[in-house]
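Residues per chain are reported as follows:
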Amino acid sequence: MTVHPANQDIRHHWSAEEVRALFELPFHELLYRAHTLHRRYFDPAQVQVSTLLSIKTGGCPEDCKYCPQSAHFNTEVKASKLMQVEAVLKEARAAKEAGAGRFCMGAAWREPKERDMPTLTAMIEGVKALGLETCMTLGMLTDDQAHTLKEAGLDYYNHNLDTSEAYYEEIITTRTYRDRLDTLSRVRDAGMKVCCGGIVGMGEGRDDRAGMLATLANLPEHPESVPINLLVQVEGTPLEGTEPLDELEFVRTIAVARILMPASYVRLSAGRESMSESTQALCFFAGANSIFYGEKLLTTPNPQENKDRALLAKLGMEFESTPSPTLPLKGEGGERREREGVCVMPSL
Ligand code: SAM
Ligand code: DTB
Ligand code: SF4
């Protein structure tokens, strides 16, 4: 991402207090600010669409308390081995035909093993050859692994912070916040785009939501993609039964993410299955411009494809066809996306 010193929108020094103050704005003021910035960088009628596939399911040695794939908890997920390349490509072809622009492959690993790298690189090459953008989420990476994935053509690597540093130990004990930040810098150094966000609705407080977003925005470069997941409560996981997050607080979280990282795609990620159409519409207004599309996330349900198509049609929104390049600076307004009909609003 090109950042110009004159661009006041793109900042990397947010204090916890500033972010907390955004959360506390009157709801309409917050959404107005977020939507205004959204229109400066994106066409609000377009949504980026990714399809997920679990290429290696369950039996994970990590103890992430939200996750149905952890071997520490007794859930209905059955562990399986890494998929064969051809089976993955079959799913990728179907995703492409359904209209996805990016194919995200997830593995329930702490980190990839060396013996799996040739299979992973063959998957990346095959998916790329279909004309799809590629994304993987495989856990922690070494420098060498990050470079190998990049060389195979991996566009994005997803690795989430999940929550604030302060709340992190309540959620995961088998790897540290520092481990996550280290993997993110390896991904960046290898030249891949970063997809990094977290989960809300895990019993954290507003300070934790603000803290997580501040950490994301204060990274040396903003992640190009910021998935905001609403916890999907799964039977058998320790977070089953957590007090659900108020939906308007979820919308606020999306709006604050948009304000902090105006040129990034903010993904309305897991949790849409239990979300009303009205809340999703508010999320799009607040700055969400990316979704997971397809009836399954990794192991849990996502809205039916025809339901999503109907919702987007009702809202006058459409799938983004091709990823739009970021333009170099245009005067004081900073970077914006090159696309017909983009509306450049006055500064706030
Ligand atoms: N094992 C790798 C890792 O953790 O980095 C990749 C797969 S992991 C399932 C990817 C992300 O899915 C997690 O970081 C978490 O943010 C999200 N996730 C997992 N279970 C979830 C749930 N029940 N609700 C919402 N998001 C969830
Ligand atoms: C992300 O932030 N959310 C996706 C993706 N990255 C890999 C995963 C959501 C998983 C939800 C629970 C499941 O389906 O197992
Ligand atoms: Fe394993 Fe990833 Fe689930 Fe954590 S989130 S238990 S690392 S699959």
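Residues numbered from 1 in each chain as written. Chains lettered and ligands numbered in written order. Predicted model: local features only at pLDDT ≥ 70, side-chain atom pairs only at ≥ 80, totals over all residues. Heavy atoms only, no water.

Concerning the overall build of the protein
The number of helices and strands found in the protein is 11 helices and 10 strands. A globule of 348 residues ought to have a C-alpha radius of gyration of about 20 Å, and the protein, at 19 Å, matches this closely. Here the protein has roughly 14,700 Å² of accessible surface; of this, 51% comes from carbon and sulfur atoms. Of the charged side chains in the protein, 38 are positive and 50 negative, and the gap between their average positions amounts to 3 Å. (Helix = DSSP H or I, 4+ residues; strand = E, 2+ residues; numbered from the N terminus. Rg over C-alpha atoms; globule rule 2.2 N^0.38 Å. Areas by Shrake-Rupley, 256 points an atom, 1.4 Å probe, with all protein chains shown as cover. Lys, Arg positive; Asp, Glu negative; His and termini not counted. Charge placed at Lys NZ, Arg CZ, Asp CG, Glu CD.)

Quick notes on the site of ligand 1
By nearness alone, 16 residues border ligand 1, and Tyr-66, Asn-160, Asp-162, Arg-175 and Val-232 come closest of all. Here a nitrogen atom of ligand 1 and a backbone polar atom of Tyr-66 are 3.1 Å apart. Taking Asn-160, its side chain carries an N or O atom lying 2.9 Å from an oxygen atom of ligand 1. About the coverage of ligand 1: the protein hides 91% of its 550 Å² of free accessible area. Considering only residue class, the shell around ligand 1 consists of 9 nonpolar, 5 polar and 2 charged. (Near = heavy atom within 4 Å. Polar contact = N/O pair within 3.5 Å; in protein donor to acceptor, adjacent residues only side chain to side chain. Nonpolar A, V, L, I, M, F, W, Y, C, P; charged D, E, K, R; others polar.)

Topic: the site of ligand 3
Taken together, Cys-60, Glu-62, Cys-64, Tyr-66, Cys-67, Ser-70, Ala-108, Trp-109 and Arg-175 are the residues near ligand 3. For the shell around ligand 3, a count of residues per class yields 6 nonpolar, 1 polar and 2 charged.

Some details on unusual backbone geometry
Non-glycine residue Asp-162 carries a positive phi angle of around 75°. Mapped onto the fold, Asp-162 is located in the loop between strand E4 (156-158) and helix H6 (165-171). Residue Asp-162 is classed as buried on the basis of its relative accessible area, which comes to 2%. (Buried < 20%, exposed > 50% of the residue type's maximum accessible area, 1.4 Å probe, protein only.)

Regarding helix H11 (residues 305-314)
Along H11, the residues that are buried comprise Asp-308, Leu-311 and Leu-312. What you see down the axis of H11 is that its buried residues fit within an arc of 95°, all on one side. Exposed residues lying more than 90 degrees from the buried face of H11 are Asn-306, Ala-313 and Lys-314. Structurally, H11 contributes buried residues whose contacts are with strand E1 (46-56), helix H10 (277-286), strand E9 (290-292) and strand E10 (318-319). (Arc of directions from axis to C-beta. Contact = heavy atoms within 4.5 Å.)

Quick notes on the environment of Ile-172
With respect to the helices and strands, the residue Ile-172 is situated in the loop between H6 and helix H7 (177-189). For the pair Ile-172 and Tyr-66, spaced 106 residues apart in sequence, the C-alpha separation works out to 9.1 Å.

Digging into the side chain of Arg-188
Here Arg-188 shows up in helix H7. In this structure the side chain of Arg-188 is engaged in a polar contact, spanning 3.1 Å, whose partner is the backbone oxygen of His-222. The residues touching Arg-188, leaving out its near neighbours within four places in the chain, are Lys-193, Val-194, Glu-221, His-222, Pro-223 and Glu-224.

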